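One letter stands for each residue in the lines below.
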Amino acid sequence: MNLHRQLLTAAVVSALFVPAAHAEIAIDVIGGSEITFEGLVQADGNWFDNDRADLNGVAKNGKDSEFELRRAELVLKGKGPGNVEWVVGYDAKADKFLDTNLKYKLGGNSNHYLQAGQFKQPNSLEELSSTKNNDFISKATVTNTYAVARRLGLGYSIGDSDWSVTASAFGRELTRDLAHGSGYGVRGTFAPINEKGNILHLGLSYVDYDTDADTLRWRARPNADLATVRLVDSGDLKDSDRISTIGAEAMYVQGPFKAQAEYYNSKVKRYDHDNYTTDGYYVSGVWNVTGETWGYKGGTPSLGLPDDPGRGMWQLGARFDSIDLNDGGLRAPAVIGGAPLVDGVLGGKMDIWTVGANWYWRSNFKASLNYVMVDSKKYSSSARTFLSDKPNILEARLQFFW
């Protein structure tokens, strides 16, 4: 049995037997560092009502459903000695490292840090928010497509409870054969309203980085992490040099209600073609039916435990997201009756509605149910026209965390 399978077993056993009263497990104080153990185990099921494409690859298994252990995250954290914090995270399911870094606080009560190692880069409110408290089972299509997640790098952040500025220089992902491309990023946030149960957050971000081997391919699943087919796809753009993405974000919390939105605009510099520009956005709303509200720190929201652990916390939410991978159009053929000529990149456009419910029970359990309605359109060179694909997807998740 190899190492990652042993760690996967440890993650499942830990999730089942962790004491329900604790959100994390205190290990010991070693060398002046207070060490704790955290984890996250998620199991997903997707049921596909396919339209044109077989989203789960029927040729692979002959089913219209998929079931999979989605994550099995094991995380050691340490505070101290002094102003040092550290973390080592590993996903035994995906066989890859998570946050693995050192952070040094430069003093005072402000958010003023130097950071080295692998960490999430300064862009995207949804990407930077805690995975265990995601509003929906799948992140928005635009977040999964445009946001730069964990990379090895050096970072600096400064701010207080109402504002923050974070900058970083980064390279590849720590785990081999995953994301590559060196670059830099910066994110600024401001909360003109920041009170308990009453928060207004605004943010801007910019990342710029090299493509891997001068090749780029933007493509996106239809908000279903277990789908094997992407309904929009730019294809391989082999003469791509650098990617620059601007992100704008906003969030408003009023008691048990939260509204959130992000917009991304991404430009790809190309050697022998015109630059390729795409964009997308999402807008979401969540209602804590049982009355709980959100906290706010470091430019991201936080969600506490249910007010009544025995009853749990119920959430209802809805989200609309849209991505447009088209940059160009069709030109009339030189010969009458010939195929139209593609002028630019026709990767397709996809709009998605997601409605869902979450139930947090006590301090370690979450159950989620989402219904996803997709409307996509992409140019087909064989059919010489734009083809629509409108599948529906039912998604479920069971989650243990500590």
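Residues numbered from 1 in each chain as written. Predicted model: local features only at pLDDT ≥ 70, side-chain atom pairs only at ≥ 80, totals over all residues. Heavy atoms only, no water.

- Per an unreviewed UniProt entry, the chain goes by OprO/OprP family phosphate-selective porin and derives from Stenotrophomonas capsici.

### What about a nonpolar patch on the surface?
Part 1 of the reasoning: A cluster of nonpolar residues, Trp-47, Phe-67, Trp-353, Val-355, Leu-369, Tyr-371, Met-373 and Leu-394, forms a patch on the protein surface that exposes about 740 Å² of accessible area.
Part 2 of the reasoning: At the level of elements, strand S19 (341–361) and strand S20 (365–380) are the ones that each hand at least two residues to the nonpolar patch.
Part 3 of the reasoning: In terms of residue count, the dominant contributor to the nonpolar patch is S20 (three residues).
Part 4 of the reasoning: Structurally, Met-373 is set in strand S20.
Part 5 of the reasoning: With a relative accessible area of 32%, Met-373 lands in the partly exposed category. (Patch = residues over 30% accessible without salt bridge, like charges linked within 9 Å, V, L, I, M, F, W, Y side chains within 5 Å. Areas by Shrake-Rupley, 256 points an atom, 1.4 Å probe, with all protein chains shown as cover. Salt bridge = Lys/Arg side-chain N within 4 Å of Asp/Glu carboxyl O. Helix = DSSP H or I, 4+ residues; strand = E, 2+ residues; numbered from the N terminus. Buried < 20%, exposed > 50% of the residue type's maximum accessible area, 1.4 Å probe, protein only.)

### What about empty space enclosed by the protein?
Part 1 of the reasoning: As enumerated under the stated definition, the model contains two cavities of 30 Å³ or more in all.
Part 2 of the reasoning: Considered as a void within the structure, the largest cavity measures approximately 160 Å³ in volume.
Part 3 of the reasoning: Taken together, 15 residues line the largest cavity, and the ones lying closest to its centre are Ser-129, Asn-133, Asn-134, Asp-135 and Lys-258.
Part 4 of the reasoning: The element contributing the most residues to the lining of the largest cavity is strand S17 (residues 300–303), with three residues.
Part 5 of the reasoning: Looking at side-chain class alone, the lining of the largest cavity contains four nonpolar, seven polar and four charged residues.
Part 6 of the reasoning: In this structure, the second largest cavity occupies an estimated 30 Å³ of space. (1 Å grid on protein atoms, 1.4 Å probe; cavity = no way out; pocket = protein on both sides within 12 Å on 5 of 7 lines; lining within 4 Å. Points joined across faces, edges and corners; volume = space filled by probe spheres on them. Nonpolar A, V, L, I, M, F, W, Y, C, P; charged D, E, K, R; others polar.)

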